[in-house]
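Descriptive analysis of the structure
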Amino acid sequence: MPTMTAAQRREQAREEYDAFIKGCPTNQLLDRLSDKWVSLVVAALSTGPMRYSDLSRKIAGVSPKMLTQTLRALERDGILSRTVTPSVPVRVDYDLTPLGRSLASLLTAVKTWAETHIEEVHEARERYDTNSG
């Protein structure tokens, strides 16, 4: 059996990814991306770089701890970048990477869909609750 290069092994693994399998890395990534704070952070940054305080004000209800954890996770995954500018006080900006920008259009579309169809969902819930009770 011939020896495979690292690139060939990665390509073979990519072909074998199956998000329906719990241990698959794509399953783990989908778990991260389905988090509402991730969706809202990425959608907020889709308009351009923002500081932590700007994100905190824009995303109602996110705690400082959750925002920090979300930003760190997205930076680790290569979806956003963190730029520190030495000043007094120190300025920290967050921006989407090219990978993050490719994701932003999808998550922004889901956000827009939710905003557009929330009334229909409320009506469906009411019908369901009325008929199920």
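Being a predicted model, the structure only gives us computed values, none of them experimental.

1. Comments concerning helix 3 (residues 36-45)
Across the 10 residues that make up helix 3, a large majority, eight, are buried. Considered for burial, the residues of helix 3 that qualify are W37, V38, S39, V41, V42, A43, A44 and L45. You can read the cap of helix 3 off the contacts: a side-chain oxygen lies 2.8 Å from the backbone nitrogen of W37, and it is on D35.

2. Section: the environment of V84
Tracing the backbone shows V84 in strand 2 (residues 80-85). What makes V84 partly exposed here is its relative accessible area of 43%. When the C-alpha atoms of V84 and Y94 are compared, they prove to be 9.0 Å apart, with 10 residues separating the residues in sequence. Among all residues touching V84, those that are not within four sequence positions of it are V90, R91 and V92.

3. Comments concerning the pattern of salt bridges
Enumeration over the complete set of coordinates arrives at four salt bridges. Ionic pairing is found between R57 and D54, a salt bridge with its closest N-O pair at 2.7 Å. Here R57 pairs with D54, and both are found in helix 4 (residues 52-58), just three residues apart, close to one helical turn. Its salt-bridge partner being D93, residue R91 comes within 2.8 Å of it at the nearest N-O pair. Residue classification places R91 among the partly exposed positions, given a relative accessible area of 35%.

4. Observations concerning the pairing of strand 3 (residues 91-96)
Strand direction decides the pairing type here: strand 1 (residues 50-51) and strand 3, joined by two bridges, are antiparallel. Paired with R51 across the bridge in strand 3 is D93. Between strand 2 and strand 3, which pair antiparallel one after the other, the connecting turn spans five residues.

5. Comments concerning the sheet that holds strand 1
Across the sheet, three strands lie side by side as 1-3-2; this open sheet has antiparallel pairing. Strands with a single pairing partner mark the edges of an open sheet, and in this sheet they are strand 1 and strand 2. Set on the sheet, helix 3 makes contact with strand 1, strand 2 and strand 3; between it and strand 3 the angle comes to about 95°.

Definitions and cut-offs
- Residues numbered from 1 in each chain as written.
- Predicted model: local features only at pLDDT ≥ 70, side-chain atom pairs only at ≥ 80, totals over all residues.
- Heavy atoms only, no water.
- Buried < 20%, exposed > 50% of the residue type's maximum accessible area, 1.4 Å probe, protein only.
- Helix = DSSP H or I, 4+ residues; strand = E, 2+ residues; numbered from the N terminus.
- Polar contact = N/O pair within 3.5 Å; in protein donor to acceptor, adjacent residues only side chain to side chain.
- Contact = heavy atoms within 4.5 Å.
- Salt bridge = Lys/Arg side-chain N within 4 Å of Asp/Glu carboxyl O.
- Pairing = 2+ DSSP bridges.
- Axes fitted to C-alpha atoms, helices over the stretch in contact; angles between N-to-C directions.

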